Amino acid sequence: MWNSNGITIGNESIVGQYPRAIFVSTNNTVYATNQEDKTILIWHEESVNPTKIISGNFTEPYSLFVTLNGDIYIDDGEGNGRVQKWSAESNIFVTVMNVNSSCDGLFVDINNTLYCSMYYYHQVVERSLNDSVMTSNRVAAGTGIRGSASNQLDGPRGIFVDVNLDLYVADCENNRVQLFQSEESNGIIVAGSGSRNSTITLFCPSGIVLDAEKYLYIVDYSYHRIVGSGLNGFRCLVGCYGEGSQSNQLTLPLSFSFDYSGNIFVTDQYNHRIQKFFLMKDSFAVSFNQPKFCPTAMWNSNGITIGNESIVGQYPRAIFVSTNNTVYATNQEDKTILIWHEESVNPTKIISGNFTEPYSLFVTLNGDIYIDDGEENGQVQRWIAETNTFVIVMIVNSPCSGLFVDISNTLYCSTSVNHQVVKRSLNDSVMTSNRVAAGTGIRGSASNQLDGPRGIFVDVNLDLYVADCGNNRVQLFQSGESNGITAAGSFTYPPTNFLNCPNAIVLDAEKYLYIVDSYTHRIIGSSLNGFRCLVGCYGEGLQSNQLDGPFSLSFGRSGNIFVTDQSNHRIQKFQYIEESCENKKQKTIIADESQASDEFRTELLNS
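Values in this document were obtained by computation on a predicted structure and should not be read as measured data.

A. Region of the structure containing the packing of aromatic side chains. Tallied over the entire structure, the rule returns 27 aromatic pairs. Judged by centre distance (5.6 Å) and plane angle (50°), the ring pair of Phe293 and Phe555 falls under tilted. Taken together, the positions of Phe293 in the loop between strand S25 (291–292) and strand S26 (298–299) and Phe555 in strand S48 (residues 550–555) put the pair 262 residues apart, joining distant regions of the chain. The residues Phe293 and Phe555 share a single accessibility class, namely buried. Here the aromatic rings of Phe362 and Phe404 are separated by 4.8 Å at their centres, their planes lie at 55°, and the arrangement is tilted. Residue Phe362 is located in strand S32 (residues 361–363), and its partner Phe404 is located in strand S36 (residues 402–405); the two are separated by 42 residues in the primary sequence. Grouping residues by exposure puts Phe362 and Phe404 together as buried. An aromatic cluster of at least three residues, connected via ring pairs, comprises Phe288, Phe320, Tyr328, Phe362, Phe404 and Phe457. A cation over an aromatic ring shows up here: Arg157 above the ring of Tyr221, its NZ or CZ 4.8 Å from the ring centre. Against the face of Tyr359 rests Arg317, its NZ or CZ located 3.8 Å from the ring centre.

B. The state of the cysteines, seen in detail. One pass over the full model with this rule turns up 6 disulfides. The partner cysteine of Cys172 in its disulfide is Cys204, sulfur to sulfur 1.8 Å. Measuring handedness by torsion sign, the sulfur bridge of Cys172 and Cys204 sits at about -95° and is left-handed. Placement of Cys172 in the loop between strand S15 (167–171) and strand S16 (176–180) and of Cys204 in the loop between strand S17 (188–192) and strand S18 (205–210) is noted, with a sequence separation of 32 residues between them. The pair formed by Cys172 and Cys204 is uniform in burial state, with each residue classed as buried.

C. Quick look at the sheet that holds strand S12 (residues 123–128). Pairing is antiparallel in the open sheet, where 4 strands are placed in the order S10-S11-S12-S13. Looking at which strands have only one partner, the edges of the open sheet turn out to be strand S10 (105–108) and strand S13 (138–141). The average angle at which neighbouring strand axes cross in this sheet is 30°, direction not considered. Where S10 lies against strand S11 (residues 113–118), 4 bridges are found, and the strand directions are antiparallel.

Cut-offs applied
Residues numbered from 1 in each chain as written. Predicted model: local features only at pLDDT ≥ 70, side-chain atom pairs only at ≥ 80, totals over all residues. Heavy atoms only, no water. Phe/Tyr/Trp six-rings, centres within 6.5 Å; stacked < 30°, edge-to-face > 60°. Helix = DSSP H or I, 4+ residues; strand = E, 2+ residues; numbered from the N terminus. Buried < 20%, exposed > 50% of the residue type's maximum accessible area, 1.4 Å probe, protein only. Lys NZ or Arg CZ within 6 Å of the ring centre and 35° of its normal. Disulfide = S-S within 2.5 Å. Pairing = 2+ DSSP bridges. Axes fitted to C-alpha atoms, helices over the stretch in contact; angles between N-to-C directions.

As structure tokens, then:
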């Protein structure tokens, strides 16, 4: 996953108008062109401005390619009918290929063969750079006649050749990507129009990269975005908010490249800039504990009070436990956030704020705290750990019974009064209007409706789970879907445990559900054999094995359950019994937070 907001590393004053070509080498050197000045621009590492500028005699280059030794191949077909090579050793340009049109794509494969994609001639040609004498080019793909047959192309642009010498072509005007296996003249459609496993529609693909796992990354030119394939088909990666000039938008992007860290560099042509989109290395790291239990996991039925009324005040609601076992809760009477570190008996830090009767809070990996302040002030506040200050991050018109920040840095608020879940990207520096994540805003029990939603949970696939209190069910809204699926409670088949106002929900590492069922005063959990009561299984009350109107829950790192026992004015901790799992290897473990860096591995072009 990439940050949806790009940063501009080259504006019009640097790259000129309509930048086209870009290439990033394995040592994170960025190469681009300024076609107005007839220059090649070079940035080293994280330099703000180009550290080297090479002047040449080329006309409106569409593409460039850099080999391991630093030689630069640049398109000069528009006016001069050639491809030039700038030799790093001699600092001079030489002609290495004769062409009769511009090369919308250039590539040098592992055999030192140079490929040129000719948009106007509907063909990809190649020639061996090992031949000292300039010989005639050979056809790599396309008949030279525009068409959509398997051996034809229509306006080919970006190209990629893998280690097997298979050629991938962004077949722009056919709205597809064609794979020409080595020595084959007939292509296979691997993305877009006519693909057997089509999961995405393309509109003039113009650039393509293949990663180490053979997943495709495509510049979808006329849809102003970059898309990528995965196990579940294609998805939009950046430029997913429509055409425009904002930091999360692109306008007719032409080409792109990955750096060694997996960040995306793209020529945002009609915005006259080069944008860099950071790979979010913590894409799959979460700030809360997601345990994995064996099917026979049990908890001590007697809870331990870690915060009584003198500490947490009356009717405590919000609780959150981070991956380092720091406990966060609120005292709504004192307008404070209470923090316990490790196994401290009393709070080790108290943060005073100006919020009213908060229902929920959420803490991110960097220690920032998001807290509901919708009851009277119509907002969500964020306490910034670095500055120890509060700022407003979301405008709402009711309390947020549930708050959540997902892996793409989107903030969700469950508005029980409005029967809806709303969200907004925290990457947007300007406070924009909220978007609907679930619910129509009208109370109801249809699949697209909610009735008094409370706790929420968003998984790494951006699927949203909602504790739909008034409907006595848990609804699952898969990413991008407005109609929910009942995952627990009323109307499930086969029927699950009866629910009476589910109030909070957590999904574990195995996708099992843990639910605070407020009006039956208990916490239940799902497993292979359906739902079962975990704690509070002895009816409403104030004994150590009872709860009274529990509101929210969170897991500690060892699998212990922390719950706000609202009407008993206390926070209870129920200890996980490790011996309940016969196979000790199955005992509680927390989902690995370091896996994100392995989720994306680029096959770098000149590796």
